[in-house]
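So you can see what is in the structure, the chains are spelled out below.
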Amino acid sequence: MPEKKSIKKEVYALVAIIVVIVLLLLFVFRDSLFGAGTGYQDVISQYFTAISERDFDSYVDTMPAAIASDYETERADLEYSEYQYMDELYYDVFDEFGEDVVITLTFGDAERPDDEYIDYFAESYEEIYGSSISTSNVYGVYVNANFAGSLSESDIEFECFVLKTGGRWYMVGCDFWSEE
C-alpha cells in the first residue's frame, strides 16, 4: 500500500505542475491570445476622454509609436505644455462646446474598410514614417459621440479607424459628419 500513496502523490504533484505551467503560459501569452486586455472600444474611449480632459499622455498612448512620436515632437518644438498642446489642437471643440466638454460615446458596427482605403493608409504610413505597418487588422468603427458642455451640445457621427498590431489596438484616424 505505501506504493499506491506514493504514486498518487506523484500524479497529484505532476498535475499541479502542469496546471501551474499552463497558467504561467496563459499569463505570458495573454496579450497575443486576448488582445492586451483592451479592445478597440477601449482605445476609442481613451482617445475621446483624453481629448475632453486634455490629457496628452493618454492621447498619444492610443496611437502607434511613430504617430505618437510626431505629436510629441511637434509639441516639444512649439514649446507647449501637454495641456496647452491639447487645448490648441482641439481649440474648435472647446470653443464650440465649452471648456468643460464631456464626450459620451455610443458604438455602432465595425467593419473592414475596402482594400483601396487600406492600401492608401499603408502606403502613406510608409511614406511618412519610413517603415511599414501591418494592416491585417484594420477596422472602421462607427461611433456616435455626444459632445456636451456649458456652451452647447451636439451629436457627431464618426468613423474611427483602429488597427491591431503587436496584440494591441491603436487609433489611426477618425472621419466625422456633423448634422447642423
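Residues numbered from 1 in each chain as written. Predicted model: local features only at pLDDT ≥ 70, side-chain atom pairs only at ≥ 80, totals over all residues. Heavy atoms only, no water.

### Some remarks on the confidence of the model for the protein
Low pLDDT means the predicted coordinates in that region are not meant to be read closely.
Line of reasoning, step 1. Averaged over the protein, the pLDDT score is 86; the fraction of residues at 70 or greater is 87%.
Line of reasoning, step 2. Per-residue pLDDT, averaged within each element of the protein, yields its smallest value for helix α2 (residues 30-34) (46) and its largest for helix α4 (residues 56-61) (97). (pLDDT = per-residue confidence, 0-100. Helix = DSSP H or I, 4+ residues; strand = E, 2+ residues; numbered from the N terminus.)

### Let's talk about a nonpolar patch on the surface
Line of reasoning, step 1. A grouping of Ile-7, Val-11, Val-15, Val-19 and Leu-23 is seen on the molecular surface, where their side chains present a nonpolar patch of about 440 Å² in accessible area.
Line of reasoning, step 2. Residue placement: Val-15 occurs in helix α1 (residues 2-28). (Patch = residues over 30% accessible without salt bridge, like charges linked within 9 Å, V, L, I, M, F, W, Y side chains within 5 Å. Areas by Shrake-Rupley, 256 points an atom, 1.4 Å probe, with all protein chains shown as cover. Salt bridge = Lys/Arg side-chain N within 4 Å of Asp/Glu carboxyl O.)

### Thoughts on the packing of helix α5 (residues 65-78) against helix α6 (residues 82-89)
Line of reasoning, step 1. Their axes nearest at 10 Å, the elements α5 and α6 cross at an angle of 105°. Accordingly, the angle class assigned to the pair α5 and α6 is roughly perpendicular. Contacts between α5 and α6 involve Tyr-71, Glu-74, Arg-75 and Leu-78 from the former and Glu-82, Tyr-85 and Leu-89 from the latter.
Line of reasoning, step 2. In the contact of α5 with α6, the residues fall into 4 nonpolar, no polar and 3 charged. (Axes fitted to C-alpha atoms, helices over the stretch in contact; angles between N-to-C directions. Parallel < 35°, antiparallel > 145°, perpendicular 65-115°, else oblique. Contact = heavy atoms within 4.5 Å. Nonpolar A, V, L, I, M, F, W, Y, C, P; charged D, E, K, R; others polar.)

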